[in-house]
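# Descriptive analysis of the structure
Letter by letter, the chains look like this.
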Amino acid sequence: MAGFRVVTDSTADVPAEWCERLGIEVVPLRVLFGTESFRDRVDLTTGQFFERLRQSDRLPTTSAPSPGDFATVYERLSHECEGVVSIHISGELSGTAEAARVGAASVEGFPVHVIDSRCLTICLAYLCRTAAESSSLEAAVRRVEERVPRQRILALLDTLRYLEMGGRIGRAQALLGTVLDVKPILSLADGKVVPLDRVRTRAKAITRLIERLHQDLPVERLAVMHAQAPEDAERIRARLAADLPDVEVEVGEIGAVLGTHVGPGAIGVAYIRR
Amino acid sequence: MLGSLAWLGAHQEEINRLNVFPVPDGDTGTNMLLTLQSAVEDIRESPATEVSKIARIAAHGSLMGARGNSGVILSQIFRGFASAVQDKAELNPVELAQAFEEAANAAYRAVSKPTEGTILTVARQAGRSAAGAAQQPGANSVSVMKAAASGARSAVERTPSQLKILRDAGVVDAGGYGLQIMLEGMLRSVEEVEDELSKRGPARPAAQATLDLPEEGWGYCTEFLIEGEDLDVDGIRDEIESLGNSVLVVGDAELVKVHVHTDDPSRVITLAARYGRLDRLNVGDMSSQHRRIRDEGDAAEAPEPAEPAELRSNGVGLVAVVAGPGLVEIFRGLGVDEIVEGGQTMNPSTQDMLLAVERLPYDHVLLLPNNKNVVLAASQVGDLTGKSLEVLPTHTMPQGIAAVVAFHPERSLEENAAAMREAAEHVQTIEVTHAVRATRSNGLNVHKGDVIALINDRLEHSGTEYDAVVGAALSGIGAADYELVTIYRGQQATDSQAERLSDSIRGNFPDLEVEVQSGGQEHYPFILSVE
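Analysis parameters
- Residues numbered from 1 in each chain as written.
- Chains lettered and ligands numbered in written order.
- Predicted model: local features only at pLDDT ≥ 70, side-chain atom pairs only at ≥ 80, totals over all residues.
- Helix = DSSP H or I, 4+ residues; strand = E, 2+ residues; numbered from the N terminus.
- Rg over C-alpha atoms; globule rule 2.2 N^0.38 Å.
- Buried ≥ 20, exposed ≤ 12 C-beta atoms within 10 Å, placed from the backbone.
- Contact = placed C-beta atoms within 7 Å.
- Pairing = 2+ DSSP bridges.
- Axes fitted to C-alpha atoms, helices over the stretch in contact; angles between N-to-C directions.
- Core = buried A, V, L, I, M, F, W, Y, C linked by C-beta atoms within 7 Å.
- Expected span 1.5 Å × (residues − 1).
- pLDDT = per-residue confidence, 0-100.
- Nonpolar A, V, L, I, M, F, W, Y, C, P; charged D, E, K, R; others polar.
- Domains from an automatic or database assignment.
- Left-handed = near helix turned anticlockwise from the far one by under 90°.

## What to know about the overall build of chain A
Scanning chain A for helices and strands turns up ten helices and 13 strands. Its C-alpha atoms give chain A a radius of gyration of 18 Å, near enough to 19 Å, the size a compact globule of 274 residues would have. C-alpha extents for chain A along the principal axes are approximately 55 × 45 × 30 Å. When burial is assessed residue by residue, chain A has 49% of its 274 residues classed as buried.

Structure below.
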């Protein structure tokens with residue numbers, strides 16, 4: 001079999017339809033409730049995850065796939081195609097890309113090009129789609145690398161609690177209010193979480209988010225991603241659709257791994273600048 | 001000066017009662033007294049005898065001690081007086097009158113929107129009357145001062161005709177009356193000197209007799225609050241008076257503020273502790289003014305602050321004026337570096353705020369007064385510090401909190417100031433308290449003890465129940481268009497009252513999110529922020 005394939009991980013929130021149509025392989029990260037381990041989106045749907053999160057008195061933890069998980073997938077694909085572009089969640093946030101590199105090295109004589117997307121969720125899915133729609137592995141790598149610095153996610157969290165407990169709070173620490181709960185607005189660009197603002201109401205946060213997005217126009221692709229906040233997501237989509245008639249604004253749901261770190265109610269816009 | 005101080009001290013509570021708002025912030029008399037006291041203390045420490053030097057010290061001392069709007073204006077009166085008497089060792093009657101006039105001018109210049117019918121009008125009339133008297137044949141300093149005092153008196157009597165709020169409340173202007181009392185006190189002590197001179201030649205300074213100062217000096221400036229029930233203000237004052245001087249004991253049955261200069265602070269404290277719980281204890285050795293000994297929790301942030309683990313990269317520090325343990329914790333939790341305790345009835349002095357600004361390890365500082373009566377004193381700090389300072393004109397605690405929430409530790413002073421100002425403007429404040437006396441104001445007929453609600457500092461609603469008054473206030477500001485109501489529960493309100501209030505708000509405004517926080521503030525059972 002000729003051609004190349006695209007591999008990513010479950011933090012990409014790739015729509016199922018793309019996987020089928022474009023042959024994108026998704027390697028799941030793991031979510032652990034205590035000693036119970038689930039493969040993201042395989043053993044546990046996003047809906048089941050948030051249901052469990054609500055009922056659990058302990059926060060789940062997450063872990064990257066093992067190099068062996070990747071090696072298994074690459075080994076299988078080595079019989080189906082001539083090479084792989086493997087694109088993953090930012091190395092600043094997860095060891096997934098590193099595990100992929102180690103896994104790739106164990107499959108001899110089969111070219112696997114691992115790319116740290118410096119991003120996650122639908123941005124990562126967009127990169128996968130761009131890669132899958134490319135004419136060759138080389139073109140795919142070039143087109144993906146060109147887009148990596150143009151991605152940004154602006155996110156509004158209902159609380160910083162999850163990010164703090166998950167140990168990914170970074171510079172957003174400075175936004176934390178110890179008594180009064182504040183809603184932080186964060187930006188993820190070039191792999192890192194950067195604090196943008198903190199406000200007390202969602203309405204203000206959403207307005208601030210859209211204002212900030214306007215500074216980055218024009219955009220190539222744009223989606224609204226949410227964790228259990230479909231109404232707000234639809235509200236943002238409608239506002240963006242009115243503001244940007246030329247861009248198709250998709251709405252998607254954040255998966256369990258990212259959900260563990262941002263918590264229910266999180267909502268964001270993810271985009272690739274033109 | 002000492003005569004003024006003693007006379008003002010004697011009338012301070014009367015002045016406090018003149019406050020037009022039925023909210024418990026009637027402390028104009030206290031503010032003026034403490035401001036004047038600060039000036040007098042500095043003069044006592046100086047050996048100067050020339051008018052120009054004494055006036056300059058008074059101007060500086062009163063500025064450092066300025067509390068509340070009336071205190072700040074008073075400090076500007078001293079400043080104007082001082083600039084008029086530069087280089088003069090003594091004053092003739094004409095020069096004295098000119099100094100009074102310049103004092104009034106300086107006060108007008110200090111206020112961005114001068115209002116007639118206030119201390120400003122009274123200061124100007126005092127100056128004009130003094131100038132008239134100075135032109136009379138045989139004028140002397142006593143006749144000039146007499147004219148100033150009587151000019152002040154008639155100006156005070158006219159203040160209700162100039163200001164509607166005074167007329168409605170049936171009072172004269174408190175600050176203006178305070179100035180009148182000061183001038184009268186000054187006149188009394190000068191007349192006593194004249195008296196003594198005529199009786200038995202060379203005399204010791206009259207004020208000494210008036211104030212009865214001990215030979216050995218002032219000892220320790222001891223200040224604290226007593227919280228309790230059925231406190232006997234007069235009884236406490238009598239007991240404290242036997243232990244020191246410059247005694248100031250004010251308050252009501254639940255809360256009494258004590259200020260005394262004593263050589264034995266521990267005896268004063270032991271005595272006071274019998275009446276109730278002591279709070280905000282502050283003992284200062286008056287020979288080394290800035291040294292402070294504070295009780296309990298505050299010890300950790302005493303003069304040498306523990307070096308913060310990591311300094312903010314933008315080099316901007318935050319100082320906020322806050323009262324109430326819960327609110328203090330909220331402000332600290334949001335990143336405020338220094339808290340100056342104070343607010344409604346306890347306006348901090350310019351110096352208190354200056355020291356907090358100076359203590360910060362940052363060269364850029366944002367200062368949040370969080371009370372409209374503190375804004376003016378806070379704005380004086382800029383002239384006194386070498387740091388670059390932005391004073392955000394926050395009038396209420398919710399405005400202060402909204403501003404601090406908008407603070408960003410990676411942005412410059414200017415960017416932060418702009419964002420914080422905007423955030424403060426977008427929050428609505430409802431302050432709920434009980435009327436301390438009956439009044440007619442803003443079309444409302446308020447009885448003593450009524451529940452009243454102030455929306456953004458304006459008395460707008462009154463009634464007998466918290467729920468109903470707050471409901472009316474929320475409807476008044478169109479709360480349905482907002483998203484979040486935060487209730488800061490004060491010391492006087494119980495958890496179940498707070499719960500009932502939040503349930504009632506949820507019932508009336510099902511789309512609003514309602515959050516209850518423990519503010520612990522005095523005087524306001526509830527402060528609500530609507531955003």
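## Focus on the overall build of chain B
Within chain B one finds 19 helices and 17 strands. By residue count, 52% of the 531 residues in chain B fall in the buried class. If you take every contact in chain B between residues at least 6 apart in sequence, the share linking residues at least 24 apart comes to 65%.

## A closer look at the sheet that holds strand E9 (residues 388-391) of chain B
All names here are of chain B. Pairing in this open sheet of four strands is parallel, and the strands run E7-E6-E8-E9 from one edge to the other. Only two strands of the sheet have a single neighbouring strand rather than two, namely strand E7 (338-341) and E9. Across the sheet, the mean angle separating the axes of adjacent strands is 20° when strand polarity is ignored. Strand direction decides the pairing type here: strand E6 (residues 316-322) and E7, joined by four bridges, are parallel. Counterpart to valine 321 in the pairing with E7 is valine 340. Across the sheet, helix H14 (residues 350-359) is in contact with E6, E7, strand E8 (364-368) and E9; its angle to E7 comes to roughly 170°.

## Structural notes on the nonpolar core
All names here are of chain B. In terms of nonpolar packing, the biggest core is built from 230 residues, with Ala130, Met353, Leu367, Val404 and Val470 touching the most fellow members. For this core, the leading source of residues is helix H6 (residues 119-135), giving nine residues. Once residues lying within four places of it in the same chain are set aside, the contact partners of alanine 130 are Leu96, Ala97, Phe100, Val144, Ala147, Ala148 and Gly151. Among the nonpolar cores identified, the runner-up in size contains twelve residues, and Ile226, Val256, Val258 and Tyr275 belong to it.

## A closer look at helix H5 (residues 121-132) of chain A
All names here are of chain A. For H5, built from twelve residues, the straight-helix expectation of 16 Å at 1.5 Å per residue is met to within 8% by its first-to-last C-alpha distance of 17 Å. Most of H5 sits inside the fold, with eleven of its twelve residues counted as buried. Those residues of H5 that sit buried are Thr121, Ile122, Cys123, Leu124, Ala125, Tyr126, Leu127, Cys128, Arg129, Thr130 and Ala131.

## Let's talk about the pairing of strand E4 (residues 36-39) of chain A
All names here are of chain A. Relative to E4, strand E3 (residues 30-33) is paired through four bridges, and the arrangement is antiparallel. By the bridge assignment for E4, arginine 30 is matched with arginine 39. Turn length for the E3-E4 hairpin, with the two strands adjacent in sequence and antiparallel, is two residues, and the turn residue glycine 34 shows positive phi of about 60°.

## Here's the deal with the confidence of the model for chain B
All names here are of chain B. The predicted model of chain B averages 84 in pLDDT, with 87% of residues at 70 or higher. Mean pLDDT per element in chain B: strand E5 (residues 293-294) is the minimum at 30, and E8 is the maximum at 98. Across residues 287-308, where pLDDT falls below 50, the model places 14 contacts with residues more than four positions away in sequence or in other chains. Across the interface, the model reports ipTM at 0.81; the global pTM reads 0.73.

## Digging into the interface of chain A and chain B
Many authors give the size of an interface as the accessible area that is lost as the parts come together. The interface is formed by 13 residues belonging to chain A together with twelve residues belonging to chain B. Among the elements that make up the side of chain A that touches chain B, the one with the highest residue count is strand E10 (residues 192-199) of chain A (three residues). Counted by class, the side of chain A that touches chain B contains six nonpolar, three polar and four charged residues.

## Re the sheet that holds strand E17 (residues 526-530) of chain B
Residues and elements named next belong to chain B. If you walk across this open sheet you meet the six strands as E14-E13-E10-E17-E15-E16, and the pairing is mixed. Edge strands, defined here as strands with exactly one partner in the open sheet, are strand E14 (458-463) and strand E16 (513-518). Taking each pair of neighbouring strands and ignoring which way they run, the sheet shows an average axis angle of 20°. For strand E10 (residues 428-434) and E17, the ladder comprises five bridges, and the chain directions are antiparallel. Looking at E17, one finds that threonine 429 is bridged to serine 529.

## Concerning the domain arrangement of chain B
Domain annotation for chain B reports domain 1 (2-211), domain 2 (220-285), domain 3 (309-425) and domain 4 (428-530). A C-alpha centroid distance of 30 Å is found between domain 2 of chain B and domain 3 of chain B.

## Brief notes about the packing of helix H2 (residues 28-45) of chain B against helix H4 (residues 68-84) of chain B
Residue and element names in this part refer to chain B. Two numbers describe how H2 lies on H4: the axes approach to 7 Å, and their chain directions differ by 35°. Crossing geometry of H2 relative to H4 is assigned as right-handed. Along the contact surface, H2 presents Thr28, Asn31, Met32, Leu34, Thr35, Leu36 and Ala39, while H4 presents Gly68, Ser70, Gly71, Leu74, Ser75 and Phe78. Here the contact of H2 with H4 is composed, by residue class, of six nonpolar, seven polar and no charged.

## Comments concerning the domain arrangement of chain A
All names here are of chain A. By domain assignment, chain A separates into domain 1 (4-148) and domain 2 (150-273). Counting from both sides, the interface comprises 29 residues of domain 1 and, opposite them, 26 residues of domain 2. Considering only residue class, the side of domain 1 that touches domain 2 consists of 16 nonpolar, seven polar and six charged.

## Considerations on helix H15 (residues 372-384) of chain B
What H15(B) keeps buried is the set B:Asn373, B:Val374, B:Val375, B:Leu376, B:Ala377, B:Ala378, B:Gln380 and B:Val381. Of the surrounding secondary structure, the elements contacted by the buried residues of H15(B) are helix H3 (51-64), H4, E6, H14, E8 and E9 of chain B.

## Some details on the environment of A:Gly191
Residues and elements named next belong to chain A. Residue position: glycine 191 is located in the loop between strand E9 (183-189) and E10. With 17 C-beta atoms packed within 10 Å, glycine 191 lands in the partly exposed category. For the pair formed by glycine 191 and serine 117, sequence separation is 74 residues and the distance between their alpha carbons is 7.7 Å. Not counting residues within four places of it along the chain, the set of residues in contact with glycine 191 comprises Ser90, Gly91, Glu92 and Arg118.

## A few points about unusual backbone geometry
A:Leu217 connects to A:Pro218 through a cis peptide bond whose omega is 0°. Inspection of the secondary structure puts A:Pro218 in the loop between helix H8 (202-214) and strand E11 (219-226). Phi at B:His523 takes a positive value of approximately 70°, unusual for a residue other than glycine. Relative to the helices and strands, B:His523 is located in the loop between E16 and E17.

## So, the pairing of E17(B)
Most of E17(B) sits out of view: five of its five residues are buried. On E17(B), burial covers both faces: B:Phe526, B:Leu528 and B:Val530 on one face and B:Ile527 and B:Ser529 on the other are all buried.

## Re the environment of B:Thr118
Residues and elements named next belong to chain B. By the element assignment, threonine 118 lies in the loop between helix H5 (93-110) and H6. Separated by 38 residues in sequence, threonine 118 and valine 156 have C-alpha atoms that sit 8.0 Å apart. Look past the residues within four positions of threonine 118 in its chain and what remains in contact with it is Asp173, Gly175 and Gly176.

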